[in-house]
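# A closer look at the structure
Spelled out from the first residue to the last, the chains are:
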Amino acid sequence: MKFVIANDHAAVELKETLKVWLESRGHEVNDLGVGTGGKADYPDKAKEACMTYLAGGYDYGIVCCGTGIGISISANKVKGIRCALPQNAFAAAMAKEHNDCQFIAFGGRIEYPDTPVEMLKRFLEAEYGGTDRHLRRVGKIMGIEEE
Ligand code: RB5
């Protein structure tokens, strides 16, 4: 699969960990930075990652900042993007099964009960339920963008 990943300066190490793990599993990763020593405002990196994803050719997007909060809020402002900020591996799986998220966010300064790699793994293994109620609810989320 093909991923786009972006981060600010507070999540360089976490981004590297996720990227190395994805690549070790044969996935392609377009790393938009920032790298070691770089600095960025998280809304800029979120926007860049989302616009790159929406241009096509990607399966998923990953965005990381210190808490994951600012960059996930920013990603969710981009029309068409549903970005999860999971608390643990269960929530990561639900982000796919119930919410059909294409983006997932993590915080480089957060101590999670499950590692971000485990959360990402569960997110990727999960499948969108796509049953009536989830279709209806995800449709309502997207409908808010039109109001
Ligand atoms: C950067 O210092 C920090 O504010 C940012 O990474 C993030 O945690 C914001 O939500």
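Everything below is about the structure shown above.
The present account deals with the structure reproduced in this document. (Residues numbered from 1 in each chain as written. Predicted model: local features only at pLDDT ≥ 70, side-chain atom pairs only at ≥ 80, totals over all residues. Heavy atoms only, no water.)

Taken across its 6 residues, strand β1 (residues 2–7) has 5 buried, putting it largely inside the fold. Bridge count between β1 and strand β2 (residues 28–31): 4 bridges; the pairing is parallel. Across the sheet, the residue bridging to Lys-2 is Glu-28, located in β2. Of the crossover connections in this fold, the one passing from β1 over helix α1 (residues 12–24) to the parallel β2 is right-handed. Taken together, the 5 bridges between β1 and strand β3 (residues 60–65) define a ladder with parallel strand orientation. If you follow Asn-7 over to β3, its bridge partner there is Cys-64. (Buried < 20%, exposed > 50% of the residue type's maximum accessible area, 1.4 Å probe, protein only. Helix = DSSP H or I, 4+ residues; strand = E, 2+ residues; numbered from the N terminus. Pairing = 2+ DSSP bridges. Right-handed = clockwise from strand over helix to strand, strands pointing away.)

What follows deals with the pairing of strand β5 (residues 103–107). Within β5, 5 of the 5 residues are buried, which leaves it mostly tucked inside the rest of the structure. Summarising the sheet, β3 and β5 pair through 5 bridges and their orientation is parallel. Bridge assignment links Gly-61 to a residue of β5, and that residue is Phe-103. Judged from the 2 bridges that link them, strand β4 (residues 83–84) and β5 form a sheet pairing that is parallel. Looking across to β5, one finds that Ala-84 is bridged to Ile-104. Assessed by its sense of winding, the connection that carries the chain from β4 through helix α4 (residues 89–97) to β5 is right-handed.

The next point concerns the packing of aromatic side chains. Any pair of aromatic rings gets described here by the distance separating the centres and the angle formed by the planes. The full count for this structure, using the stated rule, is 4 aromatic pairs. With a centroid separation of 5.9 Å and an interplanar angle of 35°, the aromatic rings of Phe-3 and Tyr-60 are classed as tilted. One end of the pair, Phe-3, is in strand β1; the other, Tyr-60, is in strand β3, with 57 residues separating them in the sequence. The class for Phe-3 is buried, based on a relative accessible area of 0%. (Phe/Tyr/Trp six-rings, centres within 6.5 Å; stacked < 30°, edge-to-face > 60°.)

Here we take up the packing of α1 against helix α5 (residues 116–125). Between α1 and α5, the shortest axis-to-axis distance is 10 Å and the interhelical angle comes to 45°. It follows from the interaxial angle that α1 and α5 lie oblique. Both α1 and α5 take part in a crossing whose hand is right-handed. Residues Leu-14, Thr-17, Leu-18, Trp-21 and Leu-22 of α1 lie in contact with α5, whose contacting residues are Pro-116, Val-117, Leu-120, Lys-121 and Leu-124. (Axes fitted to C-alpha atoms, helices over the stretch in contact; angles between N-to-C directions. Parallel < 35°, antiparallel > 145°, perpendicular 65-115°, else oblique. Left-handed = near helix turned anticlockwise from the far one by under 90°. Contact = heavy atoms within 4.5 Å.)

Regarding α5, the residues found buried are Pro-116, Val-117, Met-119, Leu-120, Phe-123 and Leu-124. Relative to the axis of α5, the buried residues are bounded by an arc of 160° and lie together on one face. At its buried positions, α5 is contacted by β1, α1, β3, α4 and β5. (Arc of directions from axis to C-beta.)

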